[in-house]
Amino acid sequence: MKKPAINFIATLILITLVSFSTHAQTNVSGGVFTNTIWTLANSPYIVIDTTVVFPGVTLTIEPGVTVRFDDAMYLEIRQATLIAIGTATDSITFTSNSLVPAPGIWGHGSQGGLWISGSAVFNFCNFEYATSGIRTANNLPYIKNSSFTKNGYGVYNLSNTPVDSCIFKFNDRGIGYINGGVLNYCTISNNNYGVEDFNNATFNNCIIDSNINALEGSNSAFHNCSISYNRYGIICRPQGNLLNHCVINSNIVRGIILMSSFKRDTIINCEIKYNGTGIVAQTSQPSLITQCEIEYDTIGILINKNAADFFCNKICNNISYSVQMNTSANFNISDNYWCTTDSATIAAAIYDAYDNVIYGLVTFMPIDTSQCYIVTGVSTLDDHTLSFTIFPNPAADYLTVALSAMSSLSEIKIFSMLGELVYTAGNTSEKTTIDISTLVSGAYIVQVGTQDGISRQKLIRQ
């Protein structure tokens, strides 16, 4: 008669053991003094106090391992080596141990989540909720196929490190400071700052998309990149930058701001379209802009200082002005193509002393009639995935915003091309009709915030 009770107890013990093994974890803290492997079998690893890998020691983390950090805890690689190589199906994750994680909840304030004074390699790794996912001033061998989301900084103080096929999304700063190195096929999107400060770096085939401030820095090169749907596109600081075969598209306030004072900026073979202002020239060095298409911006070119050399560009179809003067100095913008040979039509698209005597005059003759701006291979890289459609567009009195069936809509905002918020609505439905009859005619940016992030499209109000 007692066998059922015995069987019940045995079953309960088995369930308890299975439950314990299923939820096994390893707490770590203090020093790592010998070569160590953090295995998948003992994952997750919980960093309950500051953990230091000591000089000359190698810590290897197996694919599939999750490393969780208690609040404010971090891992230091002190003149040691970290090998974190996951796979496409078994990535390694560094994240918070909190039930309610928030950006910056783990990691040291000044040293970050992973503080590296030695060497480290990362492949197929994920970093979430850290003060800084990776912080180092060293030349790391590489960072590949990794994602940095919802951190204070994705990476900070990166020096001469190749970064390939990485994603920086929903951070306060995607990249805090980068000095040297090459970024290939990276996506930097939906951050407050995409790259806060760069110097002597190269960006190839990157998408810098839907940030508030996308890029700011000096002495770097951008090849075949898309800088689109940001509030501010790229701010070129004193040492000058090169943009070659890039798309600068639909940035709400400014596409490119030229501020170089020691070395010229060069912008060549680029498409600069649908921005609030395409190019702001306020340099004291003679920046070069050639073989570009500057179209459909509210203001194509805003001249704050007479130090930019424009020739062999297509400059037309801009909404307010193709060129607007903001300085008393005269400006020469001859040898460009204006989509017309009629001088009166070209002059009407230029705001200068004829419109306001406090400004200088713009010389646009002779004009280019051979269309020397046309080159082959201008980038069409702009695969910003829109999560909504708008119709009609152009619109007169009413606009309908229709959400993708895959998303849930949280809010709609409409901005003028000068960045002014002119409409906002939260908790909207899958299909929303908006009265835009009070908006003045012109171009606007419709911004939709969803669970997947932020998407933007351009609207023409008739």
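Above: the structure in question.
How each quantity is defined
- Residues numbered from 1 in each chain as written.
- Predicted model: local features only at pLDDT ≥ 70, side-chain atom pairs only at ≥ 80, totals over all residues.
- Heavy atoms only, no water.
- Core = buried A, V, L, I, M, F, W, Y, C linked by side-chain atoms within 4.5 Å.
- Buried < 20%, exposed > 50% of the residue type's maximum accessible area, 1.4 Å probe, protein only.
- Helix = DSSP H or I, 4+ residues; strand = E, 2+ residues; numbered from the N terminus.
- Contact = heavy atoms within 4.5 Å.
- Phe/Tyr/Trp six-rings, centres within 6.5 Å; stacked < 30°, edge-to-face > 60°.
- Lys NZ or Arg CZ within 6 Å of the ring centre and 35° of its normal.
- Disulfide = S-S within 2.5 Å.
- Pairing = 2+ DSSP bridges.

Peer 1: Describe the nonpolar core, listing the residues and the values that go with them.
Peer 2: With 87 residues, the main nonpolar core has Phe94, Phe122, Leu243, Ile256, Phe310 and Ile333 as its most contacted residues. Here this core takes three residues from strand S3 (residues 45–53), the largest share from any one element. The residues contacting Ile333, other than those within four sequence positions of it, are Ile301, Phe310, Ile315, Val323, Trp338, Val362, Thr363 and Phe364. Counting 15 residues, the second largest nonpolar core, distinct from the first, contains Ala395, Ile414, Ile436 and Leu439.

Peer 1: Can you break down the packing of aromatic side chains residue by residue, with the values?
Peer 2: The relation between two aromatic rings is expressed through the spacing of the ring centres and the mutual angle of the planes. Using the criterion set out here, one finds 17 aromatic pairs in the structure. Ring centres of Tyr337 and Tyr373 lie 5.6 Å apart, and the angle between their planes is 20 degrees; on these two criteria the pair is classed as stacked. With Tyr337 in the loop between strand S41 (331–332) and helix H2 (343–348) and Tyr373 in the loop between strand S43 (362–363) and strand S44 (388–391), the pair connects residues that are 36 residues apart, well separated along the chain. An aromatic cluster is present here, built from Phe94, Phe122, Phe127, Phe148 and Phe168 joined pairwise through their rings. The ring centre of Tyr142 lies 4.5 Å from the NZ or CZ of Lys144, which sits over that ring.

Peer 1: Describe in detail the state of the cysteines, supporting the description with residues and values.
Peer 2: For the structure shown, the criterion picks out two disulfides. The disulfide that involves Cys312 links it to Cys372, with 2.1 Å between the sulfurs. On the sign convention where negative is left-handed, the bridge of Cys312 and Cys372, at about -110 degrees about the S-S bond, is left-handed. Separated by 60 residues along the polypeptide, Cys312 in the loop between strand S38 (308–311) and strand S39 (314–316) and Cys372 in the loop between S43 and S44 bring together distant segments of the chain.

Peer 1: Talk me through the pairing of strand S45 (residues 398–403); I want residue IDs and the actual numbers.
Peer 2: Consecutive residues of a regular strand have side chains that alternate between opposite faces of the sheet. Of all six residues in S45, five are buried, a share of seventy percent or more. In terms of strand pairing, S44 meets S45 through four bridges, oriented antiparallel. Bridge pairing in S45 links Ile390 to Val401. Summarising the sheet, S45 and strand S48 (residues 431–435) pair through five bridges and their orientation is antiparallel. When the sheet's bridge partners are listed, Leu399 is paired in S48 with Ile434.

Peer 1: Would you mind going over unusual backbone geometry in detail, with residue names and values included?
Peer 2: With an omega of 5 degrees, the peptide bond between Ser43 and Pro44 qualifies as cis. By secondary structure assignment, the location of Pro44 is in the loop between strand S2 (36–38) and S3. For the bond running from Phe391 to Pro392, omega is -10 degrees, close enough to zero to count as cis. Locating Pro392 in the fold gives a position in the loop between S44 and S45. Located in the positive-phi region is Asn157, a residue other than glycine, with phi close to 65 degrees. Mapping Asn157 onto the fold places it in the loop between strand S15 (153–156) and strand S16 (158–159). With a phi angle near 55 degrees, Asn200 is a residue other than glycine that sits in the positive phi range. Along the chain, Asn200 turns up in the loop between strand S22 (193–199) and strand S23 (202–204). Residue Asn200 is classed as partly exposed on the basis of its relative accessible area of 44%.

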